[in-house]
Amino acid sequence: MKIKRNPEFSPLPDSYIDYISKRFDNTEKILHETYGVFRLDIKKRKRLLKSLKKGIDILKVHEEILKTHRSTKERLKDYEKIYEAITKEAGELESVLDISAGINPVSLVYSKQPSEYIATELAQDDVNFLNKYFKIMKINGIAIQADLLNVKKFPKTKICFLFKVLDNLETLKRNESKNLLKKIPAEYIIVSFPKITISGKKLNTKRLIWFNKIVKSKKLLETKNEIFFIINNKKEL
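Here goes a summary of the coordinates provided.

What counts as what
- Residues numbered from 1 in each chain as written.
- Predicted model: local features only at pLDDT ≥ 70, side-chain atom pairs only at ≥ 80, totals over all residues.
- Heavy atoms only, no water.
- Salt bridge = Lys/Arg side-chain N within 4 Å of Asp/Glu carboxyl O.
- Helix = DSSP H or I, 4+ residues; strand = E, 2+ residues; numbered from the N terminus.
- Buried < 20%, exposed > 50% of the residue type's maximum accessible area, 1.4 Å probe, protein only.
- Pairing = 2+ DSSP bridges.
- Axes fitted to C-alpha atoms, helices over the stretch in contact; angles between N-to-C directions.
- Contact = heavy atoms within 4.5 Å.
- Phe/Tyr/Trp six-rings, centres within 6.5 Å; stacked < 30°, edge-to-face > 60°.
- Lys NZ or Arg CZ within 6 Å of the ring centre and 35° of its normal.
- Core = buried A, V, L, I, M, F, W, Y, C linked by side-chain atoms within 4.5 Å.
- Lys, Arg positive; Asp, Glu negative; His and termini not counted.
- Polar contact = N/O pair within 3.5 Å; in protein donor to acceptor, adjacent residues only side chain to side chain.
- Patch = residues over 30% accessible without salt bridge, like charges linked within 9 Å, V, L, I, M, F, W, Y side chains within 5 Å.
- Areas by Shrake-Rupley, 256 points an atom, 1.4 Å probe, with all protein chains shown as cover.
- Charge placed at Lys NZ, Arg CZ, Asp CG, Glu CD.

Brief notes about the pattern of salt bridges
Per the counting criterion, the structure on display carries 18 salt bridges. Among the ionic pairs, K60 bridges to E64, the shortest N-O distance being 3.4 Å. Linking K60 with E64, this pair stays in helix α4 (residues 58–66), spanning four residues, or about one helical turn. Assessed through its relative accessible area of 45%, K60 is described here as partly exposed.

Re the sheet that holds strand β4 (residues 159–163)
With mixed pairing, the seven strands of this open sheet are ordered in space as β3-β2-β1-β4-β5-β7-β6. Two strands lie at the open edges of the sheet, namely β3 (141–145) and β6 (218–222), each paired on one side alone. The mean inter-strand angle of the sheet, taken between neighbouring strand axes irrespective of direction, is 20°. Inspection of the sheet shows β4 paired to strand β5 (residues 188–194) by five bridges, in the parallel sense. Bridging across to β5, L162 finds its partner in V191. Along the sheet face, helix α6 (residues 79–90) touches β4, β5, β6 and β7 (226–232) and points at about 155° away from the line of β6. The sheet strands contacting helix α7 (residues 124–136) are β2 (116–121) and β3, and the helix crosses β3 at an angle near 175°.

Overview of the packing of aromatic side chains
Enumeration over the complete set of coordinates arrives at 12 aromatic pairs. Pairing Y117 with F134 gives two aromatic rings, centres 5.9 Å apart and planes at 50°, and the pair type is tilted. Of this pair, Y117 sits in strand β2 while F134 sits in helix α7, placing them 17 residues apart in sequence. Here F161 and F163 contribute two aromatic rings whose centre-to-centre distance is 4.8 Å and whose plane-to-plane angle is 15°, an arrangement assigned as stacked. F161 sits in the buried class, given a relative accessible area of 0%. When the ring centre of F129 is taken as origin, the NZ or CZ atom of R45, which lies over that ring, is 4.4 Å away.

Some remarks on α4
Given 3.6 residues per turn, any residue in an α-helix points the same way as the ones three and four places further on. For α4, every residue scored as buried is listed here: V61, H62, E64, I65 and L66. Those residues of α4 hidden inside the fold are in contact with α3 (42–54), α5 (70–75), α6 and α7.

Some details on the nonpolar core
Membership of the largest hydrophobic core comes to 41 residues, with the highest contact counts inside it found for L162, L180, I184 and I189. When residues in this core are grouped by element, the largest group, four residues, is from helix α1 (residues 14–23). For L162, the contacting residues outside a window of four places in its chain are I99, L180, L181, I184, I189, I190, V191 and S192. In this structure, V96, Y110, I139 and A143 belong to the second largest nonpolar core, which totals 39 residues.

Details of the environment of F193
Counting through the fold element by element, F193 comes out in strand β5. Exposure remark for F193: the relative accessible area of 0% places this residue in the buried category. Sequence separation between F193 and V165 is 28 residues, and the spatial gap between their C-alpha atoms is 7.7 Å.

Details of the side chain of E121
Mapped onto the fold, E121 is located in strand β2. Buried charge without a partner: E121 forms no salt bridge, and the closest opposite charge is R39, 6.7 Å away. Polar contacts involving the side chain of E121 include one to the main-chain amide nitrogen of A101, which spans 3.4 Å. A distance of 2.7 Å separates the side chain of E121 from the backbone nitrogen of G102, its partner in a polar contact. Residues within four places of E121 in sequence aside, it is in contact with S100, A101, G102, D126, V127, I144, Q145 and A146.

Things to note about the pairing of β6
As a general feature of sheets, a regular strand has side chains that alternate between the two faces. One ladder, built from four bridges, connects β6 with β7; its direction is antiparallel. Bridged to K219 within β7 is F229. What sits between the antiparallel neighbours β6 and β7 is a turn of three residues.

Observations regarding a positive patch on the surface
Taken together, the side chains of K46, K50, K53, K132 and K135 define a basic patch exposed on the protein surface. If you list the elements that add at least two residues to the positive patch, you get α3 and α7. Ranked by residues supplied to the positive patch, first place goes to α3 with three residues. Structurally, the position occupied by K50 is in helix α3. For K50, a relative accessible area of 59% translates into the label exposed.

Below, the structure is given as structure tokens:
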């Protein structure tokens, strides 16, 4: 594929690029907004992973890794508050499914480690990175390559993270969020939305109408860049 000559898109599966190219005229723009824009410094991320093996300045290295991804960088100062809000409503994390995780599992340094952590990501090199991280930090976790448009079911966990996922999913396929939520057998689903989209649109009541129509949720937390909601036991799906 010619488009994969661009380093920004080379990690993406051919099937995903093919899906975008058949449905959108502005293929590179969509790929950038749904994937490329979030990855800030992949080479640095790999170097920092090696630093973790040395066991020096663990917290500092974690912070630097989290800065290599747009979403986790924005969330960096709020992670303790986010995990506190989640555990207050849902109890201890215990088991977690983190869908389209990016490098969010690295933020476990700010939380009590769950007994099981399953992360999904679109690109295989992100999956490889997370599995190396889990191994280095001795976390009972696994990362799996998954295209959300093709996943038939997810493993059962107590909590599921859907951080900044649904907005992108609706861009790719209208009304797909409802289908995705039905596939998640978690007791609690934590959904977040960016307060300002990549295209510059501010989050408002109108922008969330579709979400409020498909599920009843409770506002969990609002940070500078993000709003979090909790769906309890999927009773309203």
